[in-house]
Amino acid sequence: MLHQETILFVLLLAVLGLLLWGRWRYDFVAFGALVAALVLGVVPAEKAFDGFGHEATIVIALVLIVSRGLTNAGVVDQLGRFLTARDRPVPLHIALMSAIAAPLSAVMNNVAALALLMPLDLQAAAKAKRPPGLTLMALSFATILGGLVTLIGTPPNIVVASFREKALGQPFGMFDFAPVGGAAALAGLVFVALVGWRLIPAGRGSIASQSGFDLHDYIAEVRVTEGSKAIGETASAIAKRLRDEGSELLAVVRKGLRHAVWTPALTLSEGDVLVIEAAAEHLDKLMSELGLEYLLPEHQEKAALEDLTLVEVVVPPGAWLEGRTVRQSGLFYHFNCSLVGVSRRGRRIHQRLGELVVEAGDVLLLLAPETRQGEIIEWTGSLPLASRGLVITKRSKAAIAAGLFVLAIVLSTAGLLKLSVALAACVLCYAALGLVGGREVYLTVEWPVVVLLGSMIPIGAALEASGGTARLADGLLALTSGAPAWVALALLMVVTMTLSDVLNNVATAVIAAPVGMAMAKALGVSPDPFLMAVAIASSCAFLTPIGHKNNILVLGPGGYRFGDYWRMGLPLEIIIVAVSLPLLLVVWPL
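Residues numbered from 1 in each chain as written. Predicted model: local features only at pLDDT ≥ 70, side-chain atom pairs only at ≥ 80, totals over all residues. Heavy atoms only, no water.

> Break down the overall build of the protein chain for me, citing the residues and quoting the values.
A count of helical and extended segments in the protein chain gives 25 helices and 9 strands. Relative to its full complement of 590 residues, the protein chain shows a buried share of 54%. At a minimum sequence separation of 6, the contacts of the protein chain that also span at least 24 residues come to 79%. (Helix = DSSP H or I, 4+ residues; strand = E, 2+ residues; numbered from the N terminus. Buried < 20%, exposed > 50% of the residue type's maximum accessible area, 1.4 Å probe, protein only. Contact = heavy atoms within 4.5 Å.)

And the structure:
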């Protein structure tokens, strides 16, 4: 048995070392460790892949799909206008962004919440002409803190709840994490907004770092629809509103005639076509806010848009499409593909898009069936740009998307359905509504995380079965021999939090949860405060960029260095422990 423990400890140390080295992907490292454990006989062959069917693994995958559905429904895009004022002080901006980020992270995956809000933060930095590094780390930390509040807010909570169900027969509920996690999150958010951002070295990042490549705005044509907010407004008023958003209204086309924007008394009406210059990521937002729609061929207008996605391509010299209009190319008739925007190296375009002759170097924004994008690129001889996740937001379905999600949470919280079943039903409804396409379901799941968790769960179970976790618990208890139980609880939090800073938070929770349970058993106290301590500490990885995916996401755009994170992260982790520890003893008595 000792031999088995030794092998498992060596494997875990090897995983930790390889992840710190950073040369290999974490999912490959974890899966390699699982294979090694199977070959060495320390994980039974019949339990090799139990982790991939584990409740925690399934829930994490489903949460990611639900998050994508909520994104596609435009649940938070309406906040962008309010959050991107150019003259707002940095502390107030961080406070407002955090007030949105934390609750959002509580009800959806915190990585998805950051992905939704990061473009808004970058846009605000550009408008205010300040380095994005002043606020991006604060936003990342806010989304991590918000995940402490609910079961689905962060993967470690799901892992710990599933472990409790296995060990005690009952998992933690949806909002069992809220009393302690909520207080810790609130204290952390106050620190981040008032003090934390000031600890980041000045000048981190630059305005140019907001975009992955230098791409000018698109010229696009959109139509004023029935019920649009633009109806009855003057063109000049709409032009001013778009300019405030960083876009430009170039002209209004009515019954085939082009009118200048500043034409006196030009009032917009249904059916007018607006020629807009805007960034690709802003087009969809503008259309939703004003009630506009892409100008598409009549046949395509009647077709369902659920299977159509936006794709950006550049036309190289000698491409078959060069010298032709998109109408002449037959793209629509062959592939049901339409041109919705053109970027021509910053030059203004005066022809209608349907009459525009494509030139080498043009970047085209196409609306096309996702399954035929490869054929379209090959047919036209164009080159695809790196995907930026551009989607057609279906904001008309935002209310029903949010309602279905709330219903799933209510049914789970009331104990009428298991969380995995409720989320699975929500995903099926989203698919039926066209909020997530069939292919998008699989593309949305972060498979490296699934592989990591599926690989680590059998190793963690084997370590527990071999007595390894009990040995770890004995070691921690020996350090606090003779001290009150709360000292052992504090030590568990500190060790788990430190481990999470250098190891993936899911893997940390898998390892630390059995250790916490063993410590409680040895002390003869309730295991709940120890498990809650593991959940909180596993999620609070603020010292390094590798401790949490959100920290990695802002590393490049924020222009941060590896050593920047501890400046705000160390005092934040101290605050989390100082606030959480006494509350754990009150809410979850020993």
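Still to come is the rest of the account.
> Give me the packing of helix α19 (residues 447-465) against helix α22 (residues 505-523): which residues, what numbers.
The contact between α19 and α22 brings their axes to 9 Å, and the two run at 15°. Here α19 lies roughly parallel to α22, going by the angle between them. α22 is crossed by α19, and the crossing has right-handed handedness. Between α19, through L452, L453, M456, I457, G460 and E464, and α22, the contact on the second element is made entirely by V506, A507, V510, I511 and P514. Of the residues in the contact of α19 with α22, the class split is 9 nonpolar, 1 polar and 1 charged. (Axes fitted to C-alpha atoms, helices over the stretch in contact; angles between N-to-C directions. Parallel < 35°, antiparallel > 145°, perpendicular 65-115°, else oblique. Left-handed = near helix turned anticlockwise from the far one by under 90°. Nonpolar A, V, L, I, M, F, W, Y, C, P; charged D, E, K, R; others polar.)

> Outline the pairing of strand β1 (residues 218-224), supporting the account with residue identities and numerical values.
Counting buried positions along β1 gives 7 out of 7 residues, so the element sits mostly inside the fold. The sheet contact formed by β1 and strand β4 (residues 273-278) spans 6 bridges and is antiparallel. Each residue of the ladder has a partner; that of Y218, found in β4, is A278. Sheet topology places β1 next to strand β7 (residues 338-343); 2 bridges connect them, and they run antiparallel. Residue pairing for β7: A220 is matched across the bridge by G341. (Pairing = 2+ DSSP bridges.)

> Explain the packing of helix α8 (residues 155-168) against helix α23 (residues 528-539) to me, using residue names and the numbers behind them.
Taken N-terminus to C-terminus, the directions of α8 and α23 make an angle of 155°; their axes are 9 Å apart at the nearest point. The pairing of α8 with α23 is recorded here as roughly antiparallel in orientation. The two elements α8 and α23 meet at a crossing, and its hand is right-handed. Across from P156, N157, V160, F163, R164 and L168 in α8, the residues of α23 making contact are D528, L531, V534, A535, S538 and S539. Looking at the contact of α8 with α23, its residues break down into 7 nonpolar, 3 polar and 2 charged.

> Quick one: what's the story with the packing of aromatic side chains, residue by residue and with numbers?
Across all of its chains, the model carries 5 aromatic pairs by this definition. For the pair F172 and W588, a centre-to-centre distance of 5.6 Å together with 75° between the ring planes defines the contact as edge-to-face. Note that F172 is positioned in the loop between α8 and α9 (178-194) and W588 in the segment after α25 (565-587), a separation of 416 residues in sequence. Each member of the pair F172 and W588 is classed as buried. Consider the rings of Y560 and Y565, whose centres lie 5.8 Å apart with planes at 65°: the pair is edge-to-face. With respect to burial, Y560 and Y565 carry one shared label: buried. Members of the aromatic cluster, connected to one another through ring pairs, are F172, F177 and W588. (Phe/Tyr/Trp six-rings, centres within 6.5 Å; stacked < 30°, edge-to-face > 60°.)

> How would you sum up the pattern of salt bridges? Please name residues and give values.
The full count for this structure, using the stated rule, is 6 salt bridges. Between D528 and R164 there is a salt bridge whose closest N-O contact spans 2.7 Å. With D528 in helix α23 and R164 in helix α8, this pair connects stretches of sequence that are 364 residues apart. When sorted by exposure, D528 lands in the same class as R164, which is buried. Put simply, R223 and E293 hold a salt bridge, and the shortest N to O gap is 3.2 Å. Separated by 70 residues along the polypeptide, R223 in strand β1 and E293 in strand β5 (residues 292-294) bring together distant segments of the chain. (Salt bridge = Lys/Arg side-chain N within 4 Å of Asp/Glu carboxyl O.)

> Account for the nonpolar core, with residues named and values stated.
For soluble globular proteins, nonpolar side chains are generally found buried alongside one another. Counting 134 residues, the largest nonpolar core has F141, Y430, M519 and I576 as its most contacted members. Looking at this core, the element that brings in the most residues is α22, giving 12 residues. When residues no more than four places from it in sequence are discounted, the contact partners of M519 are A473, L476, L477, A488, L492 and F530. (Core = buried A, V, L, I, M, F, W, Y, C linked by side-chain atoms within 4.5 Å.)

> Mind laying out helix α16 (residues 398-413), listing which residues take part and the relevant values?
Look at α16: 22 Å from first C-alpha to last across 16 residues, which is about the 22 Å you get at 1.5 Å a residue. In the segment just after α16, G415 is the residue with positive phi, at about 80°. (Expected span 1.5 Å × (residues − 1).)

> Talk me through the state of the cysteines; I want residue IDs and the actual numbers.
Tallied over the entire structure, the rule returns 0 disulfides. No disulfide involves C429; its nearest neighbouring cysteine sulfur is the one of C426, lying 6.6 Å away. (Disulfide = S-S within 2.5 Å.)

> Would you mind going over the side chain of T143 in detail, with residue names and values included?
Checked against the element boundaries, T143 lands in helix α7 (residues 136-146). If near-sequence neighbours (up to four positions away) are discounted, T143 is found in contact with A101, S105, N110, A113, L114 and N550.

> How would you summarise the side chain of T150 if you had to cite specific residues and measurements?
Inspection of the secondary structure assignment puts T150 in the loop between α7 and α8. For T150, the side chain forms a polar contact with the main-chain nitrogen of G153, separated by 3.2 Å. In this structure, T150 is in contact with A106, V107, N157, M174, F175 and F177, ignoring residues within four places of it in sequence. (Polar contact = N/O pair within 3.5 Å; in protein donor to acceptor, adjacent residues only side chain to side chain.)

> Describe α9, naming the residues involved and giving the relevant values.
For α9, with 17 residues, the first-to-last C-alpha span of 23 Å sits near the 24 Å given by 1.5 Å per residue. Listed as buried for α9 are V180, G181, A184, A185, G188, L189, F191, V192 and A193.

> Help me get a handle on the environment of T444, residues and values and all.
Looking at where T444 falls in the secondary structure, it is placed in helix α18 (residues 438-444). Overall, the relative accessible area of 18% leaves T444 in the buried class. Linking T444 and L62, residues 382 residues apart in sequence, is a C-alpha distance of 9.5 Å. Leave out the neighbours within four places in its chain, and T444 touches L64, I65 and R68.

> Residues and numbers for the environment of G133, please.
With respect to the element layout, G133 can be found in the loop between α6 (110-128) and α7. Distance from G133 to G559, taken between C-alpha atoms, is 6.2 Å for residues 426 residues apart in sequence.

> Describe the pairing of β4, naming the residues involved and giving the relevant values.
The buried fraction of β4 amounts to 6 of the 6 residues, a majority that puts the element mostly inside the structure. A two-sided burial pattern is seen for β4, the buried positions comprising V273, V275 and E277 on one face and L274, I276 and A278 on the other.

In short, geometric facts, not functional conclusions.
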